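Spelled out from the first residue to the last, the chains are:
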Amino acid sequence: MTELTTLPARVFGSVSVAMVSPFHEDGSLDIDSAVKLADHLVSEGCDSILLSGTTGESPTTHQPEKDELVREVKAAIKDRAFVMAGAGSNDTAHAVRIAQGAQESGADGLLVVAPYYNRPSQEGVYQHILAITEATDLPVMIYDIPGRTGVKLEFDTLRRLAEHPRILGVKDATGDVPAGFVKMRQTGLEYYSGDDGLNFAWLAHGASGVISVAGHVIASQLRDLVSAVDSGDLPTARAEAAKQLPVIDAIMGGGQGAVMAKEALKLTGVIPSATLRLPLVGASKAQLAELADTLREQGLM
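Quantities reported herein were computed from a predicted structural model and do not represent experimental measurements.

## Points about the packing of aromatic side chains
- What the rule picks out here adds up to 3 aromatic pairs.
- Ring geometry for Phe 12 against Tyr 192: centres 6.1 Å apart, planes inclined by 90°, an arrangement best described as edge-to-face. Of this pair, Phe 12 sits in the segment before β1 (15-18) while Tyr 192 sits in strand β7 (residues 190-193), and the two are 180 residues apart along the sequence. Like Tyr 192, Phe 12 is buried.
- Here the aromatic rings of Tyr 191 and Trp 202 are separated by 5.9 Å at their centres, their planes lie at 25°, and the arrangement is stacked. Within this pair, whereas Tyr 191 is found in strand β7, its partner Trp 202 is found in helix α8 (residues 199-204), the two being separated by 11 residues in sequence. Across the pair, Trp 202 and Tyr 191 agree in class, each one buried.

Pasting the structure below:
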């Protein structure tokens, strides 16, 4: 199959995992396991790692922990992968401090989510994201996930934000691939799939890559998927995407992504503990049994 002559821009890489934040049994941050996990993901094919996103339990980790996580992971993987840090809060001043701490700790870029819960106007969303962007010199990816934030990022707002020279990408978890196809063409922003079940659809429509949760256990397969799309071999990519669906469904279908990803990593021996911080709680026995069966069937355990 002939390789495509024009590939998407990829400031933020092409295969990224929204990494969990491992904890010790007492709930404290397990930096050693985080560093080993990041190194493992890079060795499996990730060229980007997202730290302190929602899957990293960002609502219940504090800024000193976030900074240490960025600092230690970046020191370990160096330039083998792009390290992106979540800078999300519904308090703009707090998000600015998180962003500045991430830059000081060595992050390569930022993921900035629309402010959640307080439901600002579109002008408020614009000013929030702009303030965080202006607080550092790092490239910024906007995270559009209205199902969690309760705030839709309107197209006009996105167009305005796209005019900023350091706002370069969007992680899209809206579920609306056709709309994203139009947005990426009209804004020139790099688009990334924020929904594992739609990875193939996004890539086939020209997305730059994926930011995955299931990638904790199928990073190498995601690399195969991206490579097949890049080469123009859509039948192979389609078949690869179909093979990934059982794992994606086991991790994302019935439970919460952060919960099930940690359980999968513990089952596969990558991290020693699946400890979470409240309000997240562990998977049920039925969920664990189903997850273990799927991982065995897929040759991952």
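## Quick notes on the UniProt feature "active site" (unreviewed entry) in the protein
- Look at the UniProt record and you will see "active site" (unreviewed entry) annotated at Tyr 143 and Lys 171. A stretch of 29 residues holds the annotated residues, and the largest C-alpha distance among them is 4.7 Å, short enough that they meet in one place. As for the annotated residues named above, the ones lining the largest pocket are Tyr 143.
- Here Tyr 143 is to be found in strand β5 (residues 140-144).
- Aside from chain neighbours lying at most four places away, what touches Tyr 143 is Thr 54, Leu 111, Val 112, Val 113, Ala 114, Lys 171 and Ala 173.
- Its place among the elements puts Lys 171 in strand β6 (residues 167-172).
- In this structure Lys 171 comes out as buried when scored by relative accessible area, which is 6%.
- Excluding its chain neighbours within four sequence positions, the residues that come into contact with Lys 171 are Ala 18, Leu 50, Leu 111, Met 141, Ile 142, Tyr 143, Asp 144, Tyr 192, Gly 194 and Ile 211.

## Let's talk about the pattern of salt bridges
- Within the structure shown, the criterion is met by 11 salt bridges.
- The shortest N-O distance in the salt bridge between Asp 156 and Arg 159 comes to 2.6 Å. Of this pair, Asp 156 and Arg 159 both sit in helix α6 (residues 155-162), 3 residues apart, which is roughly one turn of that helix.
- Its relative accessible area of 56% is what places Asp 156 among the exposed residues.
- We classify Arg 159 as partly exposed; its relative accessible area is 34%.
- What you see here is one network of salt bridges that share partners, running through Lys 74, Asp 79 and Asp 108.

## Observations concerning the layout of surface pockets
- Reported here for the largest pocket is a volume of approximately 390 Å³.
- Taken together, 19 residues form the lining of the largest pocket, with Thr 54, Ser 58, Pro 59, Val 113 and Tyr 116 sitting closest to its centre.
- Mapped onto the lining of the largest pocket, the elements with two or more residues apiece are α3 (92-104), β4 (109-113) and α5 (146-149).
- By residue class, the composition of the lining of the largest pocket is 8 nonpolar, 9 polar and 2 charged.
- As a volume, the second largest pocket reaches approximately 320 Å³.
- Lining of the second largest pocket is provided by 21 residues; of these, Tyr 143, Arg 148, Gly 194, Val 213 and Met 252 occupy positions nearest its centre.
- Looking at the lining of the second largest pocket, the elements that each hand over two or more residues are β8 (209-212) and α11 (257-267).
- Class assignment for the residues of the lining of the second largest pocket results in 10 nonpolar, 7 polar and 4 charged.

## Description of the nonpolar core
- Counting residues in hydrophobic clusters, the biggest one holds 82 residues, and the most contacted among them are Leu 110 and Ile 251.
- With 8 residues, helix α9 (residues 215-230) is the single largest residue contributor to this core.
- Other than its neighbours up to four places away in sequence, Ile 251 contacts Val 213, Ala 214, Val 217, Gln 256, Gly 257, Met 260, Ala 261, Ala 264 and Leu 291.
- Listed in part, the 13 residues of the second largest apolar core include Ala 18, Phe 82, Met 84 and Tyr 192.

## Some remarks on the sheet that holds β7
- If you trace the 8 strands once around the closed barrel, you get β1-β2-β3-β4-β5-β6-β7-β8, paired in parallel fashion. Direction aside, the axes of adjacent strands within the sheet are offset by 25° on average.

## Remarks on helix α12 (residues 285-297)
- For α12, with 13 residues, the first-to-last C-alpha span of 18 Å sits near the 18 Å given by 1.5 Å per residue.
- If you check which residues of α12 are buried, you get Leu 291, Ala 292, Thr 294 and Leu 295. The buried side chains of α12 occupy one side of the element, clustering within an arc of 165° when seen end-on. Along α12, the residues that are exposed and aim more than 90 degrees away from the buried face are Lys 285, Ala 286 and Glu 297.
- Elements in contact with the buried residues of α12: α9, α10 (234-253) and α11.
- Positioned one or two residues after α12, Gly 299 has a phi angle of 70°, which is positive.

Here is what the cut-offs are and how they apply
Residues numbered from 1 in each chain as written. Predicted model: local features only at pLDDT ≥ 70, side-chain atom pairs only at ≥ 80, totals over all residues. Heavy atoms only, no water. Phe/Tyr/Trp six-rings, centres within 6.5 Å; stacked < 30°, edge-to-face > 60°. Helix = DSSP H or I, 4+ residues; strand = E, 2+ residues; numbered from the N terminus. Buried < 20%, exposed > 50% of the residue type's maximum accessible area, 1.4 Å probe, protein only. UniProt positions renumbered as here; feature names shortened; annotations may be inferred. 1 Å grid on protein atoms, 1.4 Å probe; cavity = no way out; pocket = protein on both sides within 12 Å on 5 of 7 lines; lining within 4 Å. Contact = heavy atoms within 4.5 Å. Salt bridge = Lys/Arg side-chain N within 4 Å of Asp/Glu carboxyl O. Points joined across faces, edges and corners; volume = space filled by probe spheres on them. Nonpolar A, V, L, I, M, F, W, Y, C, P; charged D, E, K, R; others polar. Core = buried A, V, L, I, M, F, W, Y, C linked by side-chain atoms within 4.5 Å. Pairing = 2+ DSSP bridges. Axes fitted to C-alpha atoms, helices over the stretch in contact; angles between N-to-C directions. Expected span 1.5 Å × (residues − 1). Arc of directions from axis to C-beta.

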